[in-house]
Amino acid sequence: MTAALVLGVAAGGASVFAAFQGCVPADTRPVPGSLTVTVSPSAGVLGGVVTADGWAVTFDRVLVGIGSVRLGDSCLTYTEPDYDRVLDVTTKSQQKLSITYAIGTCSFGFRVMPPSTDALLGDGVTEDDKTMLRTPGADAYVARGGIAYSLVGHATRGDVRKSFQLSFRPRVRYNNCVLTADGGDPVDLPSEGALVYDIAIEAEALLRDDVDAAAALRFEPFANADRDGDGRITLDELSAVPIATVRDGGAFEAGTYDVDDAGILRQGRPIVIETFGDYVYEVLIPSIPRFQGTGTCRPSVRGTLGDGGSASPAPGG
Amino acid sequence: MVESVDLYPGGYPARYGRFAGGIVAAETTKPRSDLHGEGNIRIFDVGALVEGGFAGGKGTALVAGRYSYTAAILSLIAKDTQLDYRDYEARATYDLGENDRVSLLTFGSYDLVGQTQAGIDNVLFASEFYRLDLRYDHRFGPNTTARVAVTGGFEQTRIPNQPRNSKDTMSSARFELEHVATARVRLRAGGDVTRDGYSSDTRPYSDPDDPTTKKFNALFPPRDDVAAGLRADVQLDLGIWELVPGVRFDLFSSGPTSKIAVDPRIASRLRVAKLVHVIHTFGLAHQPPSFLVPVPGLAVGNLNGGLQQSIQTSAGVEVDLPEATTATLTVFDNVFQNMSDTLGVSQGDPVDSAFNEPRSLGSAVGMEVYVKRKLTKRFGGYVAYTLSRSTREVGREKFLSAFDRTHVGNVAAAYDLGRSWRVGARFTLYTGTPVVPPGGNALIPPPRSLSPDRDPTFYRVDLRLEKRWNLTKTAWLSFVAEVFNTTLRKEVLQGREIGPVTIPSIGLEGAF
């Protein structure tokens, strides 16, 4: 017994020195694949658009808080870049959002929201821009929050010129992105594989007369909303326009919309579309990002008044 | 193997330092050369200790360990999950002569949580630490003892979500002296030098722009930290007054930065009546910046942000009551300066702010009541109650610490039913911590309050029943049944209901 005890103590001591390499196992995982996500401007953001009602619309600045790329649980994610950036998509054709390392086949999602403390700045974006976006404020839809989109631009038709500087504060998580309408999980990463996906920021989505990406663009309702005639269109002015007075409200005529999970429009609390501002803020803004050319995602909107998390129209994003 | 555990909330003896908060000090049992042991086996784990002598009683050797097979069982049930846990202790002593003894003490622990996904083993969290301490004790005479010792250690953690290993290879040397100058004066002194070599693996497969990676690298740079200290105190027995003044000096060095700390301490125990003592303590304590919670191999490298400092004061009354009962009432007032208390001042998800290091000014004031009766009596137990308030200040904002609980109470009792049956119960109650308002990540976070909403009060009742059989004069075996949280109470933390965490257990304990 005594000899065993002595040996035990000796073994314990020796184990300390042996343990200097440690017992925590080495990382034996195979080399993962990489998914690089970029953000680019739509053609309309870069070159402007001419609407069906004859307005030439130019986007001077499009600031967006975007990031937090996430893969579905069926992938083994090595590192998840849970950070975000503030990008001005008018400055460069394509900017990096993040790189995720993983193996497997799974879903893809990302988030548009007011930037976080650690948000990185894209080309042409300053700390002042970030501070502006992060400064809490309120509008008719968000009781308190920063800004997710800041859209600055102007429109001309003949010798009439209108400008707009619109800020939107929703927090939107885009889940279950698919490359085609009947497509499956978009991420299929083998070991050492490499994927690049792009998210286009289609700021012209707020000019659509329907949630369909192919819907006609029009600016006349915006121009008509400038009731004070100062040439600058504000969100308050849009919210003062009854939706029924807009020539074509698309699928969203005045009313309350509450559609089940399988529906296109939304989940969660009903949205009330009474004004043109409601239509732009609640319906069109979540459709600004477009996944990989013609892909779609299911947006889940948070941060609007009274919501407990909801999904808004999915067609664009 | 642990003889006693002392909790020093503040004003602790000069031998304890480099921590600005409370100190828990454990003393090991004295070596025994007679062969003896103890063990227990329960639903969740098994543990054993054996100690004996050799070389005609000149030497002793002890080995002990505990193994939890909860992990093994769960791993069998959930095949995609790997859990592992073990720890050990061992000690050997040898008397070189009447006045000289060498001792070797080692202990360590290992924990792992892993998951197999898509056929790939993925370690989610793993942690290990080991220590080896070699001591030489010499007695210069009946009144003077000395100890020199060297310690080596290694610890490592696989950091979740990074994932990479952070390591610390430590080495230390120390000396201790104790001299009884007169029947009323005892001198204690010591000094040590400790080097910690911290390193982290490069984060594999990471986005180079990820701010989390950059913050981790900035907060935990590879480096050598050195701490050197000298301390001394005097135990003065002045009849009705026992006084222990002391001081310790510490030099902290981390990379190119060095800081010096001087920590005076004093403790006083004055007999004001036959069975009544008045106790006062005062002390300063310094600590390098610390992480959210102690994690093996991971220490904040931001010494240039300054040391944390606490000013600790307490005053109390101790009364010896009849029937082997003692009661103490203590009031305390501690001030914490330059705290790196990330969790205590967190405004959002603590995980999101884990690699931030906000500094704050803190305060903890309160009162403790403790009444105990020896468990060796037929009816024994204790009542403990703490009334406290812990605040933090960051800039101009003053608010309650995220851990502030106004009331914390414990009542434990054990009763000998006779015929070697013994029953025990413990009642625990604490009021809720402040609920952190959402929006902490905003540019202008919502203000925190000195009277915030709180989570609900939680209480718990634990029960224990023991039947003992005496096998010989020194050997016994007992059956033990225990239930932790008998009433299936659920706890609410930050508005989220957890549990009930109820753990029943039966087992056998024995000793010889």
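Residues numbered from 1 in each chain as written. Chains lettered and ligands numbered in written order. Predicted model: local features only at pLDDT ≥ 70, side-chain atom pairs only at ≥ 80, totals over all residues.

Asks: Kindly report on the overall build of chain B, identifying the contributing residues and their values.
Replies: Of regular secondary structure, chain B possesses two helices and 27 strands. The C-alpha atoms of chain B give 25 Å as radius of gyration, which agrees with the globular expectation for 512 residues (24 Å, within 12%). Dimensions along the principal axes, computed over C-alpha positions, put chain B at roughly 65 × 55 × 45 Å. The 512 residues of chain B split such that 24% are buried. (Helix = DSSP H or I, 4+ residues; strand = E, 2+ residues; numbered from the N terminus. Rg over C-alpha atoms; globule rule 2.2 N^0.38 Å. Buried ≥ 20, exposed ≤ 12 C-beta atoms within 10 Å, placed from the backbone.)

Asks: Run through the overall build of chain A, naming residues and quoting values.
Replies: The secondary structure content of chain A amounts to six helices and 19 strands. Excluding contacts between residues fewer than 6 apart, the proportion of contacts in chain A whose partners are at least 24 apart in sequence is 73%. (Contact = placed C-beta atoms within 7 Å.)

Asks: Tell me what's going on with the interface of chain A and chain B, and back it up with residues and numbers.
Replies: Listed by partner, the interface residues are 39 residues for chain A and 44 residues for chain B. Looking at the side of chain A that touches chain B, the elements that each hand over two or more residues are α1 (2-18), β4 (76-79), β6 (95-106) and α3 (127-134) of chain A. In terms of residue count, the dominant contributor to the side of chain A that touches chain B is α1(A) (eight residues). When its residues are assigned to classes, the side of chain A that touches chain B shows 21 nonpolar, 14 polar and four charged. (Nonpolar A, V, L, I, M, F, W, Y, C, P; charged D, E, K, R; others polar.)

Asks: Provide a residue-level description of the pairing of strand β6 (residues 81-97) of chain B, including the pertinent values.
Replies: Two faces, one strand: in a regular strand the side chains alternate between the faces of the sheet. Residues and elements named next belong to chain B. Bridging between strand β5 (residues 59-68) and β6 involves nine bridges; their strand directions are antiparallel. Within β6, the position partnered with Ala61 by the bridge is Ala92. The hairpin formed by β6 and strand β7 (residues 100-117) contains two residues between the paired strands. (Pairing = 2+ DSSP bridges.)

Asks: Could you give an account of helix α6 (residues 276-284) of chain A, with specific residues and numbers?
Replies: Residue and element names in this part refer to chain A. For α6, the buried fraction is high: nine of the nine residues fall into the buried class. Those residues of α6 that fall on the buried side of the exposure criterion are Phe276, Gly277, Asp278, Tyr279, Val280, Tyr281, Glu282, Val283 and Leu284. Contacts from the buried residues of α6 go to β10 (160-168), α4 (220-225), α5 (235-239) and β16 (271-273).

Asks: Break down the environment of B:Pro446 for me, with residues and values.
Replies: Mapping B:Pro446 onto the fold places it in the loop between β22 (421-430) and β23 (458-470). Taking the C-alpha atoms as reference points, B:Pro446 and B:Gly418, separated by 28 residues in sequence, lie 60 Å from one another.

Asks: Could you give an account of the pairing of strand β1 (residues 2-8) of chain B, naming the residues involved and the relevant values?
Replies: Residue and element names in this part refer to chain B. Counting buried positions along β1 yields zero of seven residues, so the element is predominantly exposed. With six bridges joining them, β1 and strand β2 (residues 23-28) adopt antiparallel strand pairing. Across the sheet, Ser4 pairs through a bridge with Glu27, a residue of β2.

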